[in-house]
Every structure is written in structure tokens, then in C-alpha cells.
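Letter by letter, the chains look like this.
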Amino acid sequence: MSADVSVVVAVLDNASTLQRCLDSIRSQEGPSVEAVVIDGGSTDGSLEVVRANAHWLSHWETGADRGIYSAWNKALQHVSGRWVAFLGADDYYLDGGAVRDLAELGDGEDSDLVCGRIWYVDRRGQRQFTHGQPWSWERMKRKHSVAHTGMLHRSELFRRFGSFDEDLRIAGDYEFLMRLGPSASASFLDRVYLAMGNEGVSSSHALDTLREVRRIQSRHPDIGPAAAWANFLREVAVHGYWQGRRALDRNPLVCALKSARRNARPAGGR
């Protein structure tokens, strides 16, 4: 029996967050939703979590793979939905209507993709910043501007454009979306519907991501090496600025000064 939406979860040693992710999928209301879990050979208890949920999962398997895009490609062989979404084991839907709202929007507008906005959260669940803009080919040629986590893809796209490039480690989702080209149609859900774990996004990881994006852009016929380098340098500068801002916001002395300034304001003053 086919589903309306297939949600793929890639797992590798995520025992502490996996159940929350799966619970958020199972709680979705509206369209029929199936979950496909691909484990990369976890040794931390993740498999016990998967087995405890096996009775409602449409498919799960475990074994060594070449990374997240290898896991996703394995999952694509087992999905039945007309829409496909991809989550990490530390991601979770914020409410039970998220998938319904995405699917209804995409079906109503007959889109190839449906994206929205997501929260990046730390290990304590504290919200850090939002990500996700409406699809724009001109903007996508400059940077990965859409929030891929939880985005809906028409399943037929993978038959038309192939699977994910397993030689990429970080930006394979961006590379796949760039294959769709300017003719891709996309809807935008104008709300935050999902939280994405942000534990692995260090400054060095972000720089590696930008380097991989630069390589993808360099070989794309609509972009080329010169524009790819310009995009890379601009994004490095932007990332450095926001890293600095966030570091200042977390600095105890800066926090104390801000608090003192707020307390010193007269009632009704600015």
C-alpha cells in the first residue's frame, strides 16, 4: 500500500534524539505518512530505538554505508509516497500538521518541491536561528537558500534526475536541487515547521560546506568557476560576521553589560 508522504531518516549513533524524531513523524495528521529508517551501523543504542519502533516503520535496515547520501539512496529504493522528505535523527517536526500543510500546498499548486522555514536548535533545544527562503533559481545559483531538511520532493524527480551524488559529503542535497534547473516549480510554506539539530555545524564544518558548494557551482553550466569563487568569498565573509555576532551574544561580559543597560533605563524610556 502506497503512502502520500515518505519520510526518510538517516541514523548513525543518534540514540539520544532518534525517538523524538520518530515520534514527531508518527504524530503527523492528515495524509498517510510512512517512515523509512536507514542506519549506518550504529553502536550507541540507536538500533534498539529502531527495533522498538519497527512495528510501524515501513522499512528499516542497518549496515555500513558511504555517508548520508548513500543512506538516502538506499532509502529511495523503499519509498512509496508521491512526496519524499529527508530528516536527520536529531531533527523533528514542531507540530502534527507540518506534513499535511506541506503536502496540501504542493498538491494545490502542483509543485515539484515544497519548502518552508526551519529552526536550528542546540542540544538543549534552544532556538538559535531560522533558515529557509522561497525557491528562487537566481538565488540558488548564489547559495543554498532553501531549507532542505523536511522539504517535500515529488518522488518522480528521482526517476527523472537520478539519485544523490555519493561522492559529496555535505552539500549533496544542494547538488541534486541544482540539477532541476530553472524550470523547477516550488511552493513555500510561510511558517517554521521543523527543528533541525545544530550540533555538527561548527565553523570548520560550515567552511567545508561552502567549499563543497563552490565545487558544485564551478561545474554547473549556469554558474561556472568565476561566479562560484565570488559566491564563496561573499558567503565566507557573511558567515564570519554572524559567527562573530553569535559569539558576542554568548559572551558573559557582553550579556552582563546588556542586562545592566536594560535595568538602567527609566520607566517608559527607550
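None of these values were measured; they are calculated from a predicted model. (Residues numbered from 1 in each chain as written. Predicted model: local features only at pLDDT ≥ 70, side-chain atom pairs only at ≥ 80, totals over all residues. Heavy atoms only, no water.)

A. Looking closely at the confidence of the model for the protein chain. Per-residue confidence for the protein chain averages 90 on the pLDDT scale, and 86% of its residues sit at or above 70. Contacts for the low-pLDDT stretch residues 200–204, under 50 throughout, to residues beyond four places or in other chains number three contacts. Considering only residues more than four positions removed or in separate chains, one finds that residues 266–270, a stretch of pLDDT under 50, has one contact. (pLDDT = per-residue confidence, 0-100. Contact = heavy atoms within 4.5 Å.)

B. A look at the nonpolar core. Core analysis: the biggest nonpolar cluster contains 33 residues, and Val8, Phe86, Trp135, Met140, Phe164 and Leu177 have the highest contact counts within it. When sequence neighbours within four positions are dropped, the list of residues in contact with Trp135 reads Leu113, Cys115, Met140, Val146, Leu177, Gly181, Ala184 and Ala186. In terms of nonpolar packing, the next biggest core, distinct from the first, is built from 32 residues, Val9, Leu18, Val50 and Met196 among them. (Core = buried A, V, L, I, M, F, W, Y, C linked by side-chain atoms within 4.5 Å. Buried < 20%, exposed > 50% of the residue type's maximum accessible area, 1.4 Å probe, protein only.)

C. Structural view of the pairing of strand S1 (residues 5–11). A large share of S1 lies buried, amounting to seven of its seven residues. The alternating pattern of S1 places Val5, Val7, Val9 and Val11 on one face and Ser6, Val8 and Ala10 on the opposite face, and all of these are buried. In this fold, the crossover linking S1 to strand S2 (residues 33–39) by way of helix H1 (residues 15–26) has right-handed handedness. Two strands pair when backbone bridges link them, and S1 and strand S4 (residues 83–88) are joined in this way by six bridges, in the parallel orientation. Opposite Val9, over in S4, you have Leu87 as the bridge partner. (Helix = DSSP H or I, 4+ residues; strand = E, 2+ residues; numbered from the N terminus. Right-handed = clockwise from strand over helix to strand, strands pointing away. Pairing = 2+ DSSP bridges.)

D. Structural detail: the environment of His59. By the element assignment, His59 lies in strand S3 (residues 59–62). Through-space distance from the C-alpha of His59 to that of Ile38 is 8.4 Å; in sequence the pair is 21 residues apart. Dropping the residues within four chain positions of it, His59 is found in contact with Ala35, Val36, Val37, Ile38 and His78. One polar contact links His59 to Glu61, side chain to side chain, over a distance of 2.8 Å. (Polar contact = N/O pair within 3.5 Å; in protein donor to acceptor, adjacent residues only side chain to side chain.)

E. Summary view of unusual backbone geometry. Phi is positive for Asp13, close to 55 degrees, though the residue is something other than glycine. Within the secondary structure layout, Asp13 lies in the loop between S1 and H1. Taking the relative accessible area as the measure of exposure, Asp13 reaches 36% and is therefore partly exposed. Even without being a glycine, Asp110 presents a positive backbone phi close to 50 degrees.

F. How the structure looks around the packing of aromatic side chains. What the rule picks out here adds up to 11 aromatic pairs. Arranged with centres 5.7 Å apart and planes meeting at 50 degrees, the rings of Phe158 and Phe164 form a pair that is tilted. Judged by its relative accessible area of 3%, Phe164 falls in the buried class. We note Arg214 situated over the ring of Trp229; from NZ or CZ to the ring centre the distance is 4.2 Å. (Phe/Tyr/Trp six-rings, centres within 6.5 Å; stacked < 30°, edge-to-face > 60°. Lys NZ or Arg CZ within 6 Å of the ring centre and 35° of its normal.)

G. Representation of the pattern of salt bridges in the model. One pass over the structure, following the stated rule, counts 19 salt bridges. One salt bridge in this structure joins Asp190 and Arg117, with 2.4 Å as the shortest N-O distance. Placement of Asp190 in strand S9 (residues 186–197) and of Arg117 in strand S6 (residues 113–121) is noted, with a sequence separation of 73 residues between them. Given a relative accessible area of 56%, Asp190 falls into the exposed group. Between Lys141 and Glu138 there is a salt bridge, with its nearest N and O atoms 3.3 Å apart. When salt bridges with common partners are traced through the structure, they connect Asp4, Arg82, Asp107, Asp110 and Arg154 into a single cluster. (Salt bridge = Lys/Arg side-chain N within 4 Å of Asp/Glu carboxyl O.)

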